[in-house]
Number of protein chains: 2
Amino acid sequence: MSLTLADAIERHILALLQECGQADLQRVVLARQYDCAPSQINYVLATRFTPERGFVTVSRRGGGGYIRIVRSGQPELPRLAAALRQSGTGVAQAEAAAIVARCGASGWLTEREARMLTDMLHRDVLDLPLPQRDLLRARLLAVALLSASQGR
Amino acid sequence: MSLTLADAIERHILALLQECGQADLQRVVLARQYDCAPSQINYVLATRFTPERGFVTVSRRGGGGYIRIVRSGQPELPRLAAALRQSGTGVAQAEAAAIVARCGASGWLTEREARMLTDMLHRDVLDLPLPQRDLLRARLLAVALLSASQGR
DNA sequence: GGGCTTTTGACCTTCCCTGACCTATTATAG
DNA sequence: CTATAATAGGTCAGGGAAGGTCAAAAGCCC
């Protein structure tokens, strides 16, 4: 559909990232290339290259200034998954729900993903006697979080 | 046999779908073409291109906004969930993966959701003896699909 | 007339893009 | 060394361009 300016710039930056795994650019230069206001670049960064979408940006002002965009893995989720796995202990329904809710609130999971997980981990669904039920829940949750952290 | 405006617009969109399997349109443009209120387009979408009838619509607002309608030949999520539940029988891993993949391909699930489900439903994760394992997988999948269908 | 579907219009939310102004960093003149 | 100029990025409010919602009016068919 009709490519907006923001979309075009997004692609440009994504292409750079594809090439080198990191995109260095100068705001005014890119703005001139696309014949737009420099702040448009900030708009693209703010709406498309957010931490929530797995990017971090660093920049420097003044002479020789630049903007650098890099893909950031999502360390939180793998770390959480590892913690769950290591503990080797089970996870109660309420505990799981709290973890999922926190991940949702901080943007690591979408609202829909959070809802799916919460529903799936309900005791009536797992339907096992108690020591095993919580263990299964822990495994499922760990796998889900790990899986969610793989790319986007 | 009176052809209402809504019917005409429905045919128009169906024709577009026939051509390319996907219909992209701009609301105001189509409204002008049929000399009607823009919200009339929404009415047609809401009454004729519903998930129940096998369509998904996505849209973007603001400059460069558009509406996209795609046919998803795949069974609707709640229906699938109900089928899984009713059958009362288990679901093998390969079967589950295929279902999830189809849902992903037709846009009912995001790529990430599909990956999460596939991973969660792996036999090593469920880790139960065989009649129960497939039954648990069926329950999990049904709940997940149902949950995913609950709004966006 | 009663109950359905269709159609419209007023109002809302979201997204794009810019311009004016601000802050940080470096270069340079005195 | 310090003050100032030059350079570069950051922020924010606001206007315009879409699409979304909802209730009320208008048709239509018993």
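What is the right way to look at the protein's contact with DNA strand C in this model?
Among the 26 residues in the neighbourhood of DNA strand C, the closest are listed as A:Tyr43, A:Arg60, B:Ser39, B:Tyr43 and B:Arg61. Among the atoms of DNA strand C lying within 4 Å of the protein, the sugar-phosphate backbone contributes 62%. In this structure, a base oxygen belonging to DNA strand C sits 2.6 Å away from a side-chain N or O atom of A:Arg61. Note that a phosphate oxygen of DNA strand C is positioned 2.6 Å from one of the side-chain N or O atoms of B:Arg60. Elements supplying a minimum of two residues to the surface near DNA strand C: helix 1 (5–20) and helix 3 (38–48) of chain A together with helix 1 (5–20) and helix 3 (38–48) of chain B. In terms of residue class, the surface near DNA strand C is made up of 10 nonpolar, 10 polar and six charged.

Even after reading the chapter, I still don't get the environment of B:Ile9, so can you show me in this structure?
Residues and elements named next belong to chain B. Position of Ile 9 relative to the elements: it lies in helix 1. Distance from Ile 9 to Val 70, taken between C-alpha atoms, is 16 Å for residues 61 residues apart in sequence. Leave out the neighbours within four places in its chain, and Ile 9 touches Leu 30, Tyr 34, Cys 36, Gln 40, Ile 41 and Val 44.

Would you mind showing me how to read the packing of helix 8 (residues 130–149) of chain A against helix 6 (residues 111–120) of chain B here?
Each pair of packed helices can be described by the angle between their axes along with the distance between the axes. Where helix 8 of chain A meets helix 6 of chain B, the axes come as close as 9 Å, and the angle between the chain directions of the two elements is 145°. For the element pair helix 8 of chain A and helix 6 of chain B, the recorded crossing hand is right-handed. Facing A:Leu140, A:Val143, A:Ala144, A:Ser147 and A:Ala148 of helix 8 of chain A, the residues of helix 6 of chain B in contact are B:Arg112, B:Arg115, B:Met116, B:Asp119 and B:Met120. A breakdown of the residues in the contact of helix 8 of chain A with helix 6 of chain B according to their chemical character gives six nonpolar, one polar and three charged.

How should the interface of chain A and chain B be read in this particular structure?
How big an interface is tends to be stated in terms of the accessible area lost upon association of its parts. The interface of chain A with chain B comprises 30 residues on the first partner and 32 residues on the second. With both sides pooled, the region where chain A packs onto chain B buries about 2,800 Å², and carbon together with sulfur makes up 59% of that total. Looking at the side of chain A facing chain B, the largest losses of area belong to A:Met1, A:Arg112 and A:Met120, adding up to 27% of the total buried there. Of the charged contacts, one joins A:Glu113 and B:Arg112 as a salt bridge, the two residues approaching to 2.6 Å between their closest N and O atoms. Inspection of the chain A/chain B interface yields 13 residue pairs in polar contact (both at pLDDT 80 or more). Secondary structure elements with two or more residues in the side of chain A that touches chain B: helix 6 (111–120), helix 7 (123–126) and helix 8 of chain A. A breakdown of the residues in the side of chain A that touches chain B according to their chemical character gives 14 nonpolar, seven polar and nine charged.

Explanation requested: helix 6 of chain B in the structure shown.
Since one α-helical turn is 3.6 residues long, residues separated by three or four positions face the same way. Restricting attention to buried positions, one finds in helix 6 of chain B the residues B:Arg112, B:Glu113, B:Ala114, B:Met116, B:Leu117 and B:Met120. Here the buried face of helix 6 of chain B lies against helix 6 and helix 8 of chain A together with helix 5 (93–105), helix 7 (123–126) and helix 8 (130–149) of chain B.

Can you help me understand the protein's contact with DNA strand D in this one?
Taken together, the neighbourhood of DNA strand D is formed by 28 residues, with A:Arg27, A:Asn42, A:Arg61, B:Arg27 and B:Asn42 sitting nearest. By atom count, sugar and phosphate contribute 64% of the portion of DNA strand D lying within 4 Å of the protein. One of the side-chain N or O atoms of A:Asn42 is found 2.8 Å from a phosphate oxygen in DNA strand D. Breaking the surface near DNA strand D down by element, the ones donating at least two residues are helix 2 (27–33), helix 3, strand 2 (55–60) and strand 3 (66–71) of chain A together with helix 2 (27–33), helix 3, strand 2 (55–60) and strand 3 (66–71) of chain B. The residue makeup of the surface near DNA strand D, split by class, is six nonpolar, 16 polar and six charged.

About the cut-offs
Residues numbered from 1 in each chain as written. Chains lettered and ligands numbered in written order. Predicted model: local features only at pLDDT ≥ 70, side-chain atom pairs only at ≥ 80, totals over all residues. Heavy atoms only, no water. Near = heavy atom within 4 Å. Polar contact = N/O pair within 3.5 Å; in protein donor to acceptor, adjacent residues only side chain to side chain. Helix = DSSP H or I, 4+ residues; strand = E, 2+ residues; numbered from the N terminus. Nonpolar A, V, L, I, M, F, W, Y, C, P; charged D, E, K, R; others polar. Contact = heavy atoms within 4.5 Å. Axes fitted to C-alpha atoms, helices over the stretch in contact; angles between N-to-C directions. Left-handed = near helix turned anticlockwise from the far one by under 90°. Buried area = accessible area lost by both parts, 1.4 Å probe. Salt bridge = Lys/Arg side-chain N within 4 Å of Asp/Glu carboxyl O. Buried < 20%, exposed > 50% of the residue type's maximum accessible area, 1.4 Å probe, protein only.

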